[in-house]
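Coordinate analysis (summary)
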Amino acid sequence: IQELLRVMRTIDDRIVHELNTTIPTASFAGKIDASQTCKELYQSLMDAHTSRERIIKNCIAQTSSVVKTLREEREKAQDDVALLKQLRKEQTKLKLMQSELNVEEVVNDRSWKVLS
């Protein structure tokens, strides 16, 4: 998921470049509709943020479900070491995904500040 998010965050990583190439200089102002171009960039950014958040939240929900199931199994078989390892692995994965929501918030805030 981290690799997927890295690729999906390209628009945020390149926001300054996008603005520099999107907003026309004085010599090109008559050839390009800056307002429309800016709206398109805004919409692209909104779409990217929405889809990334949806993906992260879906992964969190799925992993939470797996953790819940493993916890229930762990209560029944407390001496199962392999089950404990699997539970710990899934809990770590869940924490990682939850931290991605924080990363997403920082990335989004930065992009909106630059766009503003």
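Residues numbered from 1 in each chain as written. Predicted model: local features only at pLDDT ≥ 70, side-chain atom pairs only at ≥ 80, totals over all residues. Heavy atoms only, no water.

As annotated in an unreviewed UniProt entry, the protein carries the name Protein MIX23 and comes from Nyctibius grandis. Check the Sequence similarities (unreviewed entry) section of the UniProt entry for the protein; it says "Belongs to the MIX23 family." (UniProt positions renumbered as here; feature names shortened; annotations may be inferred.)

**Details of the pattern of salt bridges**
All chains considered together, the criterion is met by seven salt bridges. Between Glu3 and Arg6 there is a salt bridge, with its nearest N and O atoms 2.5 Å apart. Linking Glu3 with Arg6, this pair stays in helix H1 (residues 2–8), spanning three residues, or about one helical turn. Among the ionic pairs, Arg9 bridges to Glu104, the shortest N-O distance being 2.9 Å. (Salt bridge = Lys/Arg side-chain N within 4 Å of Asp/Glu carboxyl O. Helix = DSSP H or I, 4+ residues; strand = E, 2+ residues; numbered from the N terminus.)

**Some thoughts on the packing of aromatic side chains**
Here the structure, examined in full by the defined rule, presents one aromatic pair. Between Tyr42 and Trp112, the ring centres sit 5.2 Å apart and the planes meet at 50°, which makes this aromatic pair tilted. Highlighted residues: Tyr42 in helix H4 (residues 34–76) and Trp112 in helix H5 (residues 81–115), separated in sequence by 70 residues. Given the relative accessible area of 41%, Tyr42 is considered partly exposed. (Phe/Tyr/Trp six-rings, centres within 6.5 Å; stacked < 30°, edge-to-face > 60°. Buried < 20%, exposed > 50% of the residue type's maximum accessible area, 1.4 Å probe, protein only.)

**With respect to the environment of Arg6**
The exposure class of Arg6 is partly exposed, given its relative accessible area of 48%. Side-chain polar atoms of Arg6 contact the side chain of Glu3, separated by 2.5 Å. (Polar contact = N/O pair within 3.5 Å; in protein donor to acceptor, adjacent residues only side chain to side chain.)

**Structural notes on the nonpolar core**
It is characteristic of soluble globular proteins that their nonpolar side chains tend to be buried jointly. Ranked by size, the top nonpolar core spans 10 residues in total: Leu5, Ile56, Cys59, Ile60, Val67, Leu70, Leu83, Leu87, Leu94 and Met97. Element by element, the count of residues in this core is highest for H4, at five residues. Setting aside residues no more than four positions away along its own chain, Ile56 makes contact with Leu5, Arg9, Met97, Glu100, Leu101 and Glu104. In this structure, Ile11, Leu41, Leu45 and Ala48 belong to the second largest nonpolar core, which totals seven residues. (Core = buried A, V, L, I, M, F, W, Y, C linked by side-chain atoms within 4.5 Å. Contact = heavy atoms within 4.5 Å.)

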